[in-house]
Amino acid sequence: MSGPIGQLVEYIDKSRMILGLVQDIKKNRLALLITTDRQVVLPQNRVLLMTQPEFGVNQARDALVRNLRETLESRNQLAEKVDVEELWELVYEEDNPLPLKDLAELSFGPSPTSDQLSATLRALFEQRVHFRLSGGDFVPLSAKQLELKLDQMEKEALHKAEVDDAVDYLKSLPKTGSAEGWTPAPNGILELLRDFIVFEEEAGQAKKAKEIIALAEIGGRRKLFNLLVRLGVFKKDEDLLILKEGLPVEFSEDVLDNGRDLKPLAAPDNHREDLTGLFTFTIDGAFTTDFDDALSFEPNQDGSGGTLGVHITDAQALIKPGSLLDQEAKERGSTIYLPETRIPMMPPSLSEDLLSLRQGELRPCVSTFADLDAQGRVLSYRICQSFIQVDKRLTYNEADLLLETDPRLKAMARTCDALRQQRAWDGAYFLPLPELVINVDEDGLVEVQRLDRDGPSREMVAETAILANQLGARYLLENKLPALFRTQAPPKDPLEEGPVEDLFLHFRQRRLLNRMEISTEPGMHSSLGVEPYTHSTSPIRRYLDLVMQRQITSGLQGQGPAYSTDELENLVMQVMPAVRLGNKIRTARQRYWLLRWLEQRRDQPIEAMAIENQGRRWQILLTRIMLLTSVPNTGNIQLNPGQELTINIEKVNAFEDILRISLN
């Protein structure tokens, strides 16, 4: 390009073709006057086309701008006559780049004018589909390339339309109130936003969701969640972790039908003892509906010990290995108890009916009887399949009241105390921490009850379960049946002993305990002070308990083991991920509701205890709700481990899992 001053140039700026008149040049930079009556400086290498103007350039500025605008309008009108698709059909088999002049000749004939060259350039630029620019020339796309590009453009157009529709819909929604009477949402938009809330950056269309949210000016994630609550997509306190993990909450119709089709077992037969004449009772929470264990106790005439019976619902009698119900229970792994709900391992028709030891109902059981002396030593034991009919349902509170007046319960409590003492002699350690009972009403108000120690009936029930599990493991071992033993190695450092109410000591000592393991080899369970030990007392709540119940009953019936050692090890690998997920969800949900409890008490001082100096932070336990948090360890903080104190809530947000406190 020689002598550019006085020439018209065309270049691209911000995805627009610009026309300008060169008025000066310095160091390969052109000083231009453009159609918007602005002067700009342009590097010469950005020029796509330079042509001779058809008007004089020695005019006043306003006249030059007027001529530029007329030239631009003329060239744009001429560009509309260029059929780019027809041009492509003529040249798409060409392998070499094509000069603009050649393409203009195909559109307008030989020796195209400056305006015709510009029109061809502008048509190619505006359409931008069939050709690509390469060093000032144009390369036609191949037929396959064009097909892919058109497909991509169609997808982009559809994406833009969907985004625009979603943004228009969201902006049209009232700022307050419920969704009743609102315009229906465009197809798929609520699902897309729901997935973004649940999976965040891992959502399949996270980028599209963020684009919509930004353009609709919704605000942060919490504001979007609140909007989706108003739209009925979520509940106010939706458990997002359950949705994210894909945890099955409801049962399929096939599973429910299978559960409803099962029939109760008939009367006692050769394999089952009729224990309906034995006085049996359950002790559970006031709101329990899935009763999997019942108790009996026949005290010795001299008042020293007696025969303790632990009767576990015989779930294996109805749930057959490999059945649809068995597969469902295996996939769930365990019943998950949350403050606001329960996610059962088995359908309610089983866990709350056919396999629930309800008062007055005939039910199959696996019964363990232990003859105990006054010191809690097992003199003899036996396990059998049975039928029982529970005579009395008791809550923990009712049982605690009866312990002072009912001779049977009083003698049973004495014997269970002896069992506990026997375990202590065998090395068990007792590090009780307060138990939390979290209740949530229909309005989302949270109440937290702290039980500082187990009541006598709770301790009694716990001892009976430990004994039944211990004797079940012993039976499996004695009969050489493969088993899943629960073991726990003793702590490396000796534990300190202290009073029951020493919360700090117990909290600190629990950190020294080793993790419980599941093994096909027997071993000591150091916390409980028993060996061997298994879990078989909750077959409608824990799948591996059901597996152990099958193994025990196969021995009782004189059959070979229901499972080999390899099969048991494989089952552990299959089931434990679901169990761990359930524990994760239970822990997260308890924390959520505890933070909600704190939200309702933002302005109240909260009782706390200093636990540990961790360098940059002090670990603090909110003792009222047994929740760990921390504060920065600034130079002016003087605390001692175990020191009681009060804290102020600086910020708490259950949805975002945020808790910040300050010392009072």
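Residues numbered from 1 in each chain as written. Predicted model: local features only at pLDDT ≥ 70, side-chain atom pairs only at ≥ 80, totals over all residues. Heavy atoms only, no water.

Points about the sheet that holds strand β21 (residues 606-613)
The cut-off we apply is this: Only strands that DSSP links by at least two bridges are regarded as paired with each other. Strands here are runs of E lasting at least two residues and helices are runs of H or I lasting at least four, both read from the DSSP assignment and numbered beginning at the N terminus. Angles shown run from 0 to 180 degrees and are taken between the N-to-C directions of axes, each axis being a line fitted to C-alpha atoms and, for helices, limited to the stretch in contact. Two residues qualify as a contact provided that any one of their heavy atoms is within 4.5 Å of a heavy atom in the partner residue.
Read from one edge to the other, the open sheet built from five strands follows the order β23-β22-β21-β24-β25, with strand pairing classed as antiparallel. On the outer flanks of this sheet lie β23 (627-632) and β25 (658-663), each paired with one strand and no other. Between one strand axis and the next, the sheet turns by 45 degrees as a mean value, whatever way the strands run. Each of β21, β22 (617-622) and β23 is contacted by helix α16 (residues 503-510), which is oriented at about 45 degrees to β21, the strand it contacts most.

Here we look at helix α10 (residues 253-261)
Inclusion rule: Only protein chains enter the accessibility calculation, which uses a 1.4 Å probe; a residue is then buried when its area is under 20% of its type maximum, exposed when over 50%, and partly exposed in between. In this description, the arc belongs to the directions extending from the helix axis to the C-beta atoms.
Taken as a whole, α10 has its buried residues at V255, L256 and G259. Viewed end-on, α10 has its buried residues packed into an arc of 100 degrees, placing them on one side of the element. Facing away from the buried side of α10 by over 90 degrees, the exposed positions are E253, D254 and D261. Here the buried face of α10 lies against α11 (324-332) and α12 (348-354).

Quick look at the pattern of salt bridges
Selection criterion: One side-chain nitrogen of Lys or Arg within 4 Å of one carboxyl oxygen of Asp or Glu is enough to make a salt bridge.
The final tally for this structure, using the stated rule, is 43 salt bridges. Salt-bridge contacts for R358 lead to E361; the nearest nitrogen and oxygen are separated by 3.9 Å. A salt bridge links R511 to E612; the nearest nitrogen and oxygen atoms lie 3.0 Å apart. Placement of the pair is R511 in the loop between α16 and β20 (517-519) and E612 in strand β21, with a sequence separation of 101 residues.

A look at unusual backbone geometry
Between E531 and the following residue, P532, the backbone shows a cis peptide bond with an omega angle of -5 degrees. Tracing the backbone shows P532 in the loop between β20 and α17 (543-556). Here the phi dihedral of K14 falls at roughly 55 degrees; this positive angle occurs in a residue that is not glycine. Within the secondary structure layout, K14 lies in the loop between β1 (8-13) and β2 (16-26). With a relative accessible area of 74%, K14 lands in the exposed category. One non-glycine residue, D657, lies in the positive phi region at around 55 degrees.

A short note on helix α6 (residues 189-199)
Inspection of α6 places I189, L190, L192, L193, F196, I197 and V198 among the buried residues, and these make up the whole buried set. Those residues of α6 hidden inside the fold are in contact with α5 (143-172), α7 (206-216), α8 (221-230) and α9 (240-245). Two residues or fewer after α6 comes E200, characterised by a positive phi angle close to 50 degrees.

So, empty space enclosed by the protein
Note the cut-off: Using only the protein atoms, space was sampled on a 1 Å grid; points where a 1.4 Å probe fits but cannot get out form cavities, open sets with protein on both sides within 12 Å along at least five of seven lines form pockets, and lining residues are those with an atom within 4 Å of a point. Grid points are joined across faces, edges and corners, and a volume is the space filled by probe spheres set on the points. Residues are grouped as follows: nonpolar covers Ala, Val, Leu, Ile, Met, Phe, Trp, Tyr, Cys and Pro; charged covers Asp, Glu, Lys and Arg; every other residue, Gly included, is treated as polar.
Evaluation of the coordinates by the stated rule reveals three cavities of 30 Å³ or more. Sorting the residues of the lining of the largest cavity by element identifies β14 (362-372), α15 (456-478) and α17 as the ones contributing at least two each. Of the residues in the lining of the largest cavity, the class split is five nonpolar, five polar and no charged. If you add up the space inside the second largest cavity, you get close to 40 Å³. Around the second largest cavity, the lining residues are L247, P248, R332, S334, I336, I343 and P344.

Observations concerning the packing of α5 against α7
This is how the line gets drawn: Note on angle classes: values under 35 degrees are labelled roughly parallel, values over 145 roughly antiparallel, values of 65 to 115 roughly perpendicular, and the remainder oblique. Crossings are sorted by hand: turned counterclockwise from the far helix by less than a right angle, the near helix makes the crossing left-handed, and turned clockwise it makes it right-handed.
Closest axis-to-axis distance for the α5/α7 pair is 9 Å, and the angle between their directions is 45 degrees. With respect to each other, α5 and α7 are oriented oblique. Classified by chirality, the crossing of α7 by α5 is right-handed. Counting all contacts with α5, which are made through H159, E162, V163, A166, V167, L170 and K171, the residues of α7 involved are K208, E211, I212, L215 and A216. Across the contact of α5 with α7, the residue classes break down as seven nonpolar, one polar and four charged.

Thoughts on the environment of R128
Inspection of the secondary structure puts R128 in the loop between α4 (114-127) and β6 (131-134). When the C-alpha positions of R128 and D493 are compared, they lie 75 Å apart, and in sequence the two are 365 residues distant.

Regarding a negative patch on the surface
This is how the line gets drawn: Exposure above 30% relative accessible area and no salt bridge define the residues that can form patches, which grow by joining like charges within 9 Å and nonpolar side chains of Val, Leu, Ile, Met, Phe, Trp and Tyr within 5 Å. For the area figures, the Shrake-Rupley method with a 1.4 Å probe applies, and any residue is considered shielded solely by the protein chains shown. Note on charges: Lys and Arg go in the positive column, Asp and Glu in the negative column, and His and the chain ends are not counted at all. For the purpose of locating charges, the reference atoms are NZ of Lys, CZ of Arg, CG of Asp and CD of Glu.
A contiguous patch of negative charge on the surface is contributed by D83, E85, E86 and E89. Relative to the helices and strands, E85 resides in helix α2 (residues 84-91).

So, the side chain of E463
Positionally, E463 belongs in helix α15. The exposure class assigned to E463 is buried, which follows from its relative accessible area of 4%. Residue contacts for E463: discarding those within four places in its chain leaves C416, L419, R420 and R423.

Topic: the environment of L124
Mapped onto the elements, L124 comes out in helix α4. Leave out the neighbours within four places in its chain, and L124 touches V84, L100, L103, F131 and F138.

Quick word on the pairing of strand β9 (residues 281-284)
Burial along β9 is two-sided: the residues F281 and I283 and T282 and D284 are all buried. Across four bridges, the pairing between β9 and strand β16 (residues 392-395) is parallel. The residue bridging D284 from the neighbouring strand is T395, located in β16.

Regarding the nonpolar core
Definition in use: By nonpolar core is meant a set of buried Ala, Val, Leu, Ile, Met, Phe, Trp, Tyr and Cys residues that side-chain atoms within 4.5 Å join together.
Core analysis: the largest hydrophobic core is formed by 61 residues, its most contacted members being I283, M346 and Y543. Excluding its chain neighbours within four sequence positions, the residues that come into contact with M346 are F251, A315, I319, S351, L355, P539, I540 and L546. In terms of nonpolar packing, the next biggest core, distinct from the first, is built from 35 residues, V446, I611, M626 and I637 among them.

Focus on the sheet that holds strand β4 (residues 39-43)
Here we have five strands laid out as an open sheet, ordered β4-β3-β2-β1-β5, and antiparallel in their pairing. Here the strands that pair on one side only, and so sit at the sheet edges, are β4 and β5 (49-51). Geometrically, the sheet is characterised by an average inter-axis angle of 40 degrees between neighbouring strands, direction not taken into account. In this sheet, β5 lies alongside β1 in antiparallel orientation, the contact comprising three bridges. Residue pairing across strands places E10 opposite L49, the latter belonging to β5. Here helix α1 (residues 61-79) sits on the sheet in contact with β1, β2, β3 (29-34), β4 and β5, set at roughly 140 degrees to β2. Running at roughly 130 degrees to β2, α4 makes contact with β1, β2 and β5 of the sheet.

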